[in-house]
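So the chains spell out like this:
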Amino acid sequence: MINGLTWVLGCQLVGEVLVRLTDAPVPGPVVGMVVLFVLLRVRRSGDDATVVRAAAGLLRHLQLLFVPAGVGVIVYLGTIRDHALPLVAGLVVSWALGLAVVGWTTVALERLGARR
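Residues numbered from 1 in each chain as written. Predicted model: local features only at pLDDT ≥ 70, side-chain atom pairs only at ≥ 80, totals over all residues. Heavy atoms only, no water.

*Asks:* Hey, could you run me through the overall build of the protein chain in this one?
*Replies:* Helix and strand counts for the protein chain come out as six helices and zero strands. For the protein chain, the succession of helices and strands along the chain, N to C, is α-α-α-α-α-α. Over its C-alpha atoms the protein chain spans a radius of gyration of 20 Å, topping by over 25% the 13 Å that the globule rule assigns to 116 residues. Seen along its three principal axes, the alpha-carbon backbone of the protein chain occupies a region of about 55 × 50 × 35 Å. Out of the 116 residues belonging to the protein chain, those deemed buried represent 10%. Taking the contacts inside the protein chain whose residues are at least 6 apart along the sequence as the reference set, 45% of them involve residues at least 24 apart. Counting every atom, the protein chain has about 9,600 Å² of accessible surface; 72% of that belongs to carbon and sulfur. (Helix = DSSP H or I, 4+ residues; strand = E, 2+ residues; numbered from the N terminus. Rg over C-alpha atoms; globule rule 2.2 N^0.38 Å. Buried < 20%, exposed > 50% of the residue type's maximum accessible area, 1.4 Å probe, protein only. Contact = heavy atoms within 4.5 Å. Areas by Shrake-Rupley, 256 points an atom, 1.4 Å probe, with all protein chains shown as cover.)

Okay, here's the thing in structure tokens:
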């Protein structure tokens, strides 16, 4: 487990360093995830790899990672209440845009598949 977590954290560190060096507009952990993906594909790691077992252990307890977010919502409940209208408007607009993009992408992929 320690070896697998070391790989995960090492890839995250590499991602953070790459983002800071290149000033890329992408979060470091996302770049680290891509680095980890590439490493796993190059090494052809199976289900018994230490990093895979460590990730499975983290996923089993994923609900614990939502506790800080829930506490933050409770702490800032007054601020959320004061700015409820812009928050709801932003959520509705982003939901509608996301739905439209998914719909357009689906139609485009169906048309592309029909051509083949």
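*Asks:* Just to check I follow, could you spell out a nonpolar patch on the surface for this structure?
*Replies:* Residues L64, V67, V71, V73, I74, V75, Y76, L77, I80 and L87 make up a contiguous nonpolar surface patch of roughly 940 Å² in combined accessible area. Taken together, the elements giving at least two residues each to the nonpolar patch come down to α4 (67–75) and α5 (77–82). No other element matches the five residues that α4 contributes to the nonpolar patch. Topologically, V71 is positioned in helix α4. By relative accessible area, V71 is classed as partly exposed at 45%. (Patch = residues over 30% accessible without salt bridge, like charges linked within 9 Å, V, L, I, M, F, W, Y side chains within 5 Å. Salt bridge = Lys/Arg side-chain N within 4 Å of Asp/Glu carboxyl O.)

*Asks:* It is not clear to me how the packing of aromatic side chains should be interpreted in this structure. Could you clarify?
*Replies:* One pair of aromatic rings is described through two measures. These are the centre distance and the angle between the planes. Enumeration according to the criterion identifies zero aromatic pairs in this entry. The ring of W7 has R43 sitting right over it, with the charged end atom 5.1 Å from the ring centre. (Phe/Tyr/Trp six-rings, centres within 6.5 Å; stacked < 30°, edge-to-face > 60°. Lys NZ or Arg CZ within 6 Å of the ring centre and 35° of its normal.)

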